[in-house]
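Structure assessment
These are the residues of each chain, in order.
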Amino acid sequence: MAKRKPVLFVDDSSESQEAILLFDKSGIEYVKYHIKKFEESCCGELPTTKAPSVFAPDGVFKGMEGVRQYLSEKHDYEKPSESAYW
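Notes on the structure follow. As the structure is a computational prediction, the values presented were derived from the model and not from experiment. Along each chain, residues carry numbers from 1 onward, in the same order as the chain's sequence is written. Local features are withheld for residues below a pLDDT of 70 in this predicted model, meaning they are given only at 70 or higher, and side-chain atom pairs are given and counted only at 80 or more; totals for whole chains, interfaces and linings count all residues. The side-chain figures draw on all heavy atoms in the structure; neither hydrogens nor water molecules are used.

Focus: the environment of Phe55
The condition is simple: By definition, any uninterrupted DSSP run of H or I lasting at least four residues is a helix, any uninterrupted run of E lasting at least two residues is a strand, and each is numbered from the N terminus. Whether a residue is buried, partly exposed or exposed follows from its accessible area with a 1.4 Å probe, protein chains only, as a fraction of its type maximum: under 20%, in between, or over 50%, in that order.
Note on placement: Phe55 falls in strand S3 (residues 53–56). Exposure remark for Phe55: the relative accessible area of 24% places this residue in the partly exposed category. Each C-alpha atom of the pair Phe55 and Pro6 lies 5.7 Å from the other, and the pair is 49 residues apart in sequence.

Right, dumping it as structure tokens:
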């Protein structure tokens, strides 16, 4: 079974750069996804997506406050998830 990783949605803002640094320092494996890539490769703009945000098996965490909350919690992605997305 592949290990589940949170997705960090970012843009070009200084907050997104700070979120990337926090994730890198945390040691948590994650996938970084720039929202402009989504616009170009998939379905157009994401007007309701706030960057930075974390989409993870245990929830969606919006803005820097959400990023900090996510990083402060303990996560166990080895166990089966109840989420329909994972």
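Once you've had a look at it, read on.
Observations concerning the packing of helix H1 (residues 14–26) against helix H3 (residues 63–72)
Stated precisely, the cut-off is as follows: In this analysis, axes come from line fits to C-alpha atoms, helices being fitted only over the stretch in contact, and the angle between any two N-to-C directions falls in the range 0 to 180 degrees. Orientation labels follow simple angle bins: below 35 degrees gives roughly parallel, above 145 gives roughly antiparallel, 65 to 115 gives roughly perpendicular, and whatever is left gives oblique. Contacts: residue pairs with any heavy atoms within 4.5 Å of one another.
For the pair H1 and H3, interaxial distance at closest approach is 10 Å and the crossing angle is 5 degrees. On the basis of the axis angle, H1 is roughly parallel to H3. Taking contact as the criterion, the partners of Glu15, Glu18, Ala19, Leu22, Phe23 and Ser26 in H1 are, on H3, Met64, Val67, Arg68, Tyr70 and Leu71.

A short note on the pairing of strand S4 (residues 59–62)
Stated precisely, the cut-off is as follows: One requirement defines pairing of two strands: DSSP has to find at least two bridges between them.
Alignment of S3 against S4, held across four bridges, turns out to be antiparallel. Its bridge partner being in S4, Ser53 is matched across the sheet by Lys62. Two successive antiparallel strands, S3 and S4, enclose a turn made up of two residues.

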